[in-house]
Amino acid sequence: MDISYSGGTLGIILVLIFAGLIGLVYFMRSVYNKRSEKALQGEYRAADDANKSYIANRAKYEPLDVFGLSSTFFNFGLALAVGLSLLAFGWTQYSKEIYIPDGALDLDEEIEMEPPRTAEPPPPPPPPPPPVIEEVPEDELIEEDPPEFEDTSVDENTVMEAPPEVKVEKAPPPPPPPPPPPAPKVDEIFKVVEQMPLFPGCEDISSYADRKACADKKMLEFIYGNIKYPAIARENGVEGMAVVSFVVEKDGTVTDAKVVRNPGAKTGEEALRVVEMMNEKGLKWTPGKQGGRSVRVQFNLPVKFKLE
């Protein structure tokens, strides 16, 4: 027997059961109230045994069989428990149907990545201001005595003395500059490898082809299950394909995610948001492999926006 129903149906059934129990409680309460009134008036004893003595019939409270319906209530409780168990087992949560467009992973053309732009050199500094020419006051001419003439003529009898030799100590040469630091080693980013990176969720499949097909399906379900059509794009009827490029690292994380094709109206930003959710949710890809070792791989993911 296949019993399945949604949460809304289960809520309605529980409300009806609760209302029925409340009604049953009030009904049995009224029944027992009427029986108590008749018992106080002595109607039951007089009807059951008319030959009883007057003294026995004058009892303040007539005897009542309070356990007369115990088996009935036990069976009712048992049936109610079994019914609630069946309701619990039949409660089914229906997963939302995810629409994945045809050819969701097909790219119309090869995406050309723009080379990274280097930082523009700073502009040259402005030229220095021209020097300020200040007027120099004319100095007063002071008359001095004419210098005395000294005879410096030399003949063959003049003895010339050589100046003393001055030894100049040479300074040691400066030490050579240190070698420049080696450039940081950056692992190469591949575009096509022997085994492309795979979305998580299909690691238990042995065949690579089957595992890749399963991983692609899981990835599309994640993307189109979390995508939200931007309101501005829906209002303006914007459709198209956004492409998000990202790098799957050796540890399976997603880095350097950016939009390389944007139809506009916030569609590219929405596709980028869903891709960045992979790291937020802790989803780690199976890294790509080249020559048996894990490598960094660039992945271009198309996301199609189509109004229904």
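Residues numbered from 1 in each chain as written. Predicted model: local features only at pLDDT ≥ 70, side-chain atom pairs only at ≥ 80, totals over all residues. Heavy atoms only, no water.

As named in an unreviewed UniProt entry, the protein is TonB family protein, taken from Neolewinella lacunae. According to the UniProt record, the Subcellular location (unreviewed entry) comment for the protein reads "Cell inner membrane". The UniProt entry for the protein carries the following comment under Sequence similarities (unreviewed entry): "Belongs to the TonB family." (UniProt positions renumbered as here; feature names shortened; annotations may be inferred.)

Colleague: It is not clear to me how the environment of Glu188 should be interpreted in this structure. Could you clarify?
Modeller: Mapped onto the elements, Glu188 comes out in the loop between α4 (70-90) and β1 (189-190). Given the relative accessible area of 54%, Glu188 is considered exposed. Between the C-alpha atoms of Glu188 and Arg296, which are 108 residues apart in sequence, the distance is 6.9 Å. (Helix = DSSP H or I, 4+ residues; strand = E, 2+ residues; numbered from the N terminus. Buried < 20%, exposed > 50% of the residue type's maximum accessible area, 1.4 Å probe, protein only.)

Colleague: Would you mind going over the environment of Pro263 with me for this structure?
Modeller: In this fold, Pro263 is placed in the loop between β3 (254-261) and α7 (267-280). Considering only alpha carbons, one finds Pro263 and Lys304, 41 residues apart in sequence, at a separation of 9.7 Å. For Pro263, the contacting residues outside a window of four places in its chain are Val238, Glu239, Gly240, Met241 and Ala242. (Contact = heavy atoms within 4.5 Å.)

Colleague: For this particular structure, what's the right way to read unusual backbone geometry?
Modeller: Across the chain, the bulk of peptide bonds are trans and the bulk of non-glycine residues have phi less than zero. In this structure, Ala265 takes a positive phi of about 60 degrees despite not being glycine. On the basis of relative accessible area, Ala265 is assigned to the partly exposed category, the value being 25%. Backbone geometry places Lys266, a non-glycine residue, at a positive phi of 70 degrees. Within the fold, Lys266 resides in the loop between β3 and α7. A relative accessible area of 52% places Lys266 in the exposed class.

Colleague: What is the right way to read the packing of helix α5 (residues 208-226) against α7 from this model?
Modeller: Look at α5 against α7: their axes get within 10 Å of each other, and the N-to-C directions meet at 125 degrees. With respect to α7, the axis of α5 lies oblique. Between α5 and α7 the crossing geometry is right-handed. Along the contact surface, α5 presents Phe222, Ile223 and Asn226, while α7 presents Glu270, Arg273, Val274, Met277 and Met278. (Axes fitted to C-alpha atoms, helices over the stretch in contact; angles between N-to-C directions. Parallel < 35°, antiparallel > 145°, perpendicular 65-115°, else oblique. Left-handed = near helix turned anticlockwise from the far one by under 90°.)

Colleague: Help me understand the pairing of strand β5 (residues 293-305), please; the structure alone is not making it clear to me.
Modeller: One face of the sheet, then the other: side chains in a regular strand alternate in exactly this way. With two bridges joining them, β1 and β5 adopt parallel strand pairing. Across the sheet, Phe190 pairs through a bridge with Val297, a residue of β5. Pairing of strand β2 (residues 240-248) with β5 involves nine bridges; the strand directions are antiparallel. From the neighbouring strand, Val243 faces β5, where its bridge partner is Pro302. Hairpin connection between strand β4 (residues 288-290) and β5: a loop of two residues separates the two successive antiparallel strands, and Gly291 in this loop has a positive phi of roughly 65 degrees. (Pairing = 2+ DSSP bridges.)

Colleague: Can you help me understand the state of the cysteines in this one?
Modeller: Formally, a disulfide is one covalent bond, and it connects the sulfur atom of one cysteine to the sulfur atom of another. If you walk through the whole model with that rule in mind, you get one disulfide. Residue Cys202 pairs covalently with Cys214 via a disulfide, S to S 1.9 Å. Of note, the bridge from Cys202 to Cys214 carries an S-S torsion of about -70 degrees and is left-handed in sense. You can see Cys202 sitting in the loop between β1 and α5 and its partner Cys214 sitting in helix α5, a full twelve residues away along the chain. (Disulfide = S-S within 2.5 Å.)

Colleague: Could you clarify how one ought to interpret the UniProt feature "transmembrane region" (unreviewed entry) in the protein in this entry?
Modeller: When the UniProt feature table is mapped onto this chain, "transmembrane region" (unreviewed entry) is found at residues 6-28 and 66-91. Secondary structure content for residues 6-28 is 96% helix and 0% strand, and the end C-alpha separation is 33 Å.

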